[in-house]
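In case you want the letters, here they are:
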Amino acid sequence: MNIKNIFLGALALSMVSGVALAGALDEPANMAPFFTDAGMKTMKSEADFKAAWASTAKDKQDTMMKECQDAAMSKPHAEFCANLMMYAGHK
C-alpha cells in the first residue's frame, strides 16, 4: 500500500511540475505572430518581427522577455530569444 501511495504522490508531483514549466514561450498563440508558417519553424523578417512585438500586450512582452532571460526557459527557444533581444531590445 505504501508503494502505491508513493507512486501516486510522485505522479501527482510530476504532473504539477510539468504544468508549472510551461510558459509564454510555449504557448502557440503567443508565438504564432512571430513566425511565417503554422509549424513555427521560420521566423518573420526583422520588420515583421518588430511589428509583431509592438502589437503584443505589455504583460505578455514582460513575461516573454523574462523567460528569454532565464537560461532553462529560453533554451528550447534560443533562436527566438536571440531575435527578441536583438530586435525588441534588452530591457
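**Looking at the overall build of the protein chain**
Inference 1: Summing up its helical and strand segments, the protein chain has six helices and zero strands in all.
Inference 2: Along the protein chain, helices (α) and strands (β) appear in the sequence α-α-α-α-α-α when read from the amino end.
Inference 3: The buried share of the protein chain, reckoned over its 91 residues, is 25%.
Inference 4: Within the protein chain, contacts between residues separated by at least 24 positions form 48% of all contacts whose residues are at least 6 apart in sequence.
Inference 5: Here the protein chain has roughly 6,100 Å² of accessible surface; of this, 63% comes from carbon and sulfur atoms.

**Brief notes about the confidence of the model for the protein chain**
Inference 1: Averaged over every residue, the pLDDT of the protein chain is 83; the share at 70 or more is 76%.
Inference 2: Counting contacts from residues 16-20, a segment whose pLDDT is below 50, to residues more than four positions away or on other chains yields zero contacts.

**Section: the packing of helix α3 (residues 46-54) against helix α6 (residues 78-88)**
Inference 1: Remark: α3 packs on α6, axes separated minimally by 10 Å, with the N-to-C direction vectors making an angle of 85°. Regarding the angle of α3 to α6, the classification is roughly perpendicular. Contacts from E46, F49, K50 and W53 of α3 reach α6 at F80, N83, L84, Y87 and A88.
Inference 2: Within the contact of α3 with α6, the residues separate by chemical class into six nonpolar, one polar and two charged.

Calculation rules
Sequence order sets the numbering: in each chain, residues are counted from 1 along the sequence as written. The model is predicted, so local features are restricted to residues of pLDDT at least 70 and side-chain atom pairs to those at 80 or more, both for listing and for counting; the totals for chains, interfaces and linings are taken over all residues. In computing side-chain values, all of the structure's heavy atoms are included and hydrogens and water are not. By definition, any uninterrupted DSSP run of H or I lasting at least four residues is a helix, any uninterrupted run of E lasting at least two residues is a strand, and each is numbered from the N terminus. Each residue is assigned to one of three classes by its accessible area relative to the maximum for its type, calculated with a 1.4 Å probe on protein chains only: buried under 20%, partly exposed between the two thresholds, exposed over 50%. By the convention used here, residues are in contact when the closest approach between their heavy atoms is within 4.5 Å. The protein chains shown are the only cover counted for residues, whose accessible areas, like all others here, come from Shrake-Rupley with a 1.4 Å probe. A residue's pLDDT is the predictor's confidence in that residue, given on a scale from 0 to 100. Simply put, an axis is a line fit to the C-alpha atoms, just over the touching stretch for a helix, and the angle between two N-to-C directions goes from 0 to 180 degrees. Geometric relationships in this document are graded by angle, where less than 35 degrees denotes roughly parallel, more than 145 denotes roughly antiparallel, 65 to 115 denotes roughly perpendicular, and other angles denote oblique. Amino acid classes used here: Ala, Val, Leu, Ile, Met, Phe, Trp, Tyr, Cys and Pro are nonpolar; Asp, Glu, Lys and Arg are charged; the rest, including Gly, are polar.

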